[in-house]
Amino acid sequence: MNDVLYGLAANPALPAEVADRLIDGADADLADRLAQRPDLSSAQTAALASRWEDAAVRLARRSLLTTADPDPMTRPRLTLALLERDTGYAEGPRPPDDADRPERPRLPGDADRRSWARLLAGSPSVEHRERLAACPGLPPDVVRRLATDPAAAVVAELAVWTCSPELLARLAAHPHTDVRRSVAANEATPPATLAALLAGGPQPPARSCPFCDGTEVFLPDTECDGRHRTAERHIHEQALRNPATPADVAARFAGNPCALLRRHLASRPDLPRPAYELLARDPDPRVRADLADNPGIDARLIRSLAADADPEVLGRLARHPCLPLELLPRLAGLRGLGRSPLPCLDSAPRAEITALAASAHPGVRMLVARRRDLPDDVRDVLARDPDAKVVNAVAPHPGLGEGQLTAMVERHGVRVVVKVAENPGASPALLLSLAAHRPPVPNVLRVIARHPHATAPVLLACLTDLDGRRVAAARAVLPVNALVELLADGDASVREAAATNPVLPVAVMRQLVAV
């Protein structure tokens, strides 16, 4: 029965009286689902919050608990949820944590929230202090206390979220590498500090890391010999990924012996050309693949990478927004290019699209057919293409007519049925014929049941398939008698979906809660 009750908890037409009954008998999971409802009354909100901590936390994050005054020591999770929600600055990025910076205007309850933060800063639970460190707009004295917390995890969390360049510059010299790694990841960190973290100075050497203090699981290549080399590499990884790191400083790692660092570097769009040229010759194909779709490389480098023998490099290159279209035939036959149009085709002018649609290479025509804003004449030519892959790609195009869709199925059969069913203009009659197609087509009933033009007869035809029933059970056009029967379906997900259906009779809802 729980699956049905979970469905009822999400039913938008659930009467308040039935919601009250659900709240009265809720377990923790059901209470959490009820706490997601958009129509909870203040009494229902209070009832959920008083009985279940997880529900109270969710309600607080939704700003529905506006008058809660929890004891931070007895309900720390709720207190933290309230602090995470609204102790921060009203709009825009948080200013630095320095005491002399202007704060947002005081709001009702600010004094309480500041006192909560001060109490939680002294909590014996590292987890609570760590979560506090991620809260916005903390009082300056709390920030200072957290910055000197004995647990490195707390200071590291503060370093992730603070926007104070001064504090970040100080934390870059913290003795634990985890704190330095967080500083390296924070985009508010001053460029000079990031450069120093990559150079290994002038801050003093770190004294501990997660591999020598036991907080990280040991792997064969991560045992610490006291020099914290693995942890240092993690710091470098974060700094190289950080856009605030000066490009000329980052570029010095193009010849670094660590392939992982070179991979992070290869994704940066701001490097000088010599660094890109070096990375394009990298012996590791993963580095070249990461470089291949980097928007910072130019057409000359793209053409150079097009001669690469690695299929992953070529596949990533095909997605580059500046790919010269004359390279498309070389790349069109690659597997795994995805179902969405390639960026270079999205921006191609009509003349180029028309020429490519007439290519002798069916892979090129298929890529063109994935665009959903094709000129009518180009779309219609592709709809008559002799290659099923091309027709399958163009079948969901919104401009196609009923006759064209039917002709596609007649010519290509099961190879195009699912994509034809995805077409937003497919009529109920066409959907019904696709549902009855022989031989049956896997997954098509799920697609048909989701279609906005699916009528009651169409949905009934989809009930023979588990995935089709799961989707159809939540559709408001499903006949009520069929809907009620699905509440006893052998599959729990179907029963839950049926219980979410807004046309479920109120009398049935009452019966389900009374059982």
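The structure this text deals with has already been given above.
I will try to describe carefully the structure that is included in this document. All values derive from a computational prediction rather than experimental measurement.

Thresholds, definitions, all that
Residues numbered from 1 in each chain as written. Predicted model: local features only at pLDDT ≥ 70, side-chain atom pairs only at ≥ 80, totals over all residues. Heavy atoms only, no water. Helix = DSSP H or I, 4+ residues; strand = E, 2+ residues; numbered from the N terminus. Buried < 20%, exposed > 50% of the residue type's maximum accessible area, 1.4 Å probe, protein only. Contact = heavy atoms within 4.5 Å. Lys, Arg positive; Asp, Glu negative; His and termini not counted. Charge placed at Lys NZ, Arg CZ, Asp CG, Glu CD. Patch = residues over 30% accessible without salt bridge, like charges linked within 9 Å, V, L, I, M, F, W, Y side chains within 5 Å. Areas by Shrake-Rupley, 256 points an atom, 1.4 Å probe, with all protein chains shown as cover. Salt bridge = Lys/Arg side-chain N within 4 Å of Asp/Glu carboxyl O. Core = buried A, V, L, I, M, F, W, Y, C linked by side-chain atoms within 4.5 Å. Polar contact = N/O pair within 3.5 Å; in protein donor to acceptor, adjacent residues only side chain to side chain. Axes fitted to C-alpha atoms, helices over the stretch in contact; angles between N-to-C directions. Left-handed = near helix turned anticlockwise from the far one by under 90°. Nonpolar A, V, L, I, M, F, W, Y, C, P; charged D, E, K, R; others polar.

Right, let's get into the overall build of the chain. Secondary structure summary: the chain contains 35 helices and zero strands in total. Along the first, second and third principal axes, the C-alpha atoms of the chain reach 75 × 70 × 45 Å. Out of the 515 residues in the chain, the part that is buried amounts to 50%. Partitioning the intrachain contacts of the chain with sequence separation of at least 6 by distance along the chain shows that 49% fall at a separation of at least 24. The average position of the 63 basic charges and that of the 65 acidic charges among the side chains of the chain differ by 3 Å.

If you check which residues of helix H34 (residues 492-499) are buried, you get Val494, Arg495, Ala497, Ala498 and Ala499. Where H34 is buried, its residues meet helix H1 (2-9), helix H32 (466-472) and helix H33 (480-486).

Another point: a nonpolar patch on the surface. On the surface, a nonpolar cluster with roughly 180 Å² of combined accessible area is contributed by Val480, Val484 and Val503. Tracing the sequence through the fold places Val480 in helix H33.

Okay, the nonpolar core next. Counting 157 residues, the largest nonpolar core has Leu8, Leu132, Leu345, Met408 and Ile448 as its most contacted members. Counting residues per element, this core draws most heavily on helix H10 (residues 152-161), which supplies six residues. Beyond its immediate stretch of four places on either side in the chain, Leu132 contacts Leu80, Leu83, Ala117, Leu120, Ala121, Leu138, Val142 and Leu146.

On to the side chain of Thr189. Residue placement: Thr189 occurs in the loop between helix H12 (177-185) and helix H13 (191-199). A polar contact is formed between the side chain of Thr189 and the backbone oxygen of Val183, at a distance of 2.6 Å. At a separation of 3.0 Å, a polar atom in the side chain of Thr189 contacts the main-chain carbonyl oxygen of Asn186. Discounting chain neighbours no more than four positions away, the residues touching Thr189 are Leu168, Val183, Leu194 and Ala244.

What follows deals with the packing of H1 against H34. Between two packed helices, the angle of one axis relative to the other and the distance separating the axes together describe the packing. Look at H1 against H34: their axes get within 7 Å of each other, and the N-to-C directions meet at 30 degrees. H34 is crossed by H1, and the crossing has right-handed handedness. Where H1 approaches H34, its residues Asp3, Val4, Tyr6, Gly7 and Leu8 are matched on the opposing element by Ala492, Arg495, Glu496 and Ala499. Its residues assigned to classes, the contact of H1 with H34 shows five nonpolar, one polar and three charged.

This brings us to the pattern of salt bridges. Taken as a whole and assessed by the stated rule, the structure comprises 35 salt bridges. A salt bridge links Glu326 to Arg303; its shortest N-O distance comes to 2.5 Å. Of this pair, Glu326 sits in the loop between helix H20 (311-318) and helix H21 (328-331) while Arg303 sits in helix H19 (residues 299-305), and the two are 23 residues apart along the sequence. On the basis of relative accessibility, which here comes to 40%, the residue Arg303 falls in the partly exposed class. Taken together, the shared-partner salt bridges in this structure form one network comprising Arg263, Asp290, Asp293, Glu312 and Arg316.

Below, the discussion takes up the environment of Gly403. Of note, Gly403 is situated in helix H27 (residues 402-412). Expressed as a C-alpha distance, the spacing of Gly403 and Arg21, which sit 382 residues apart in the sequence, is 52 Å.

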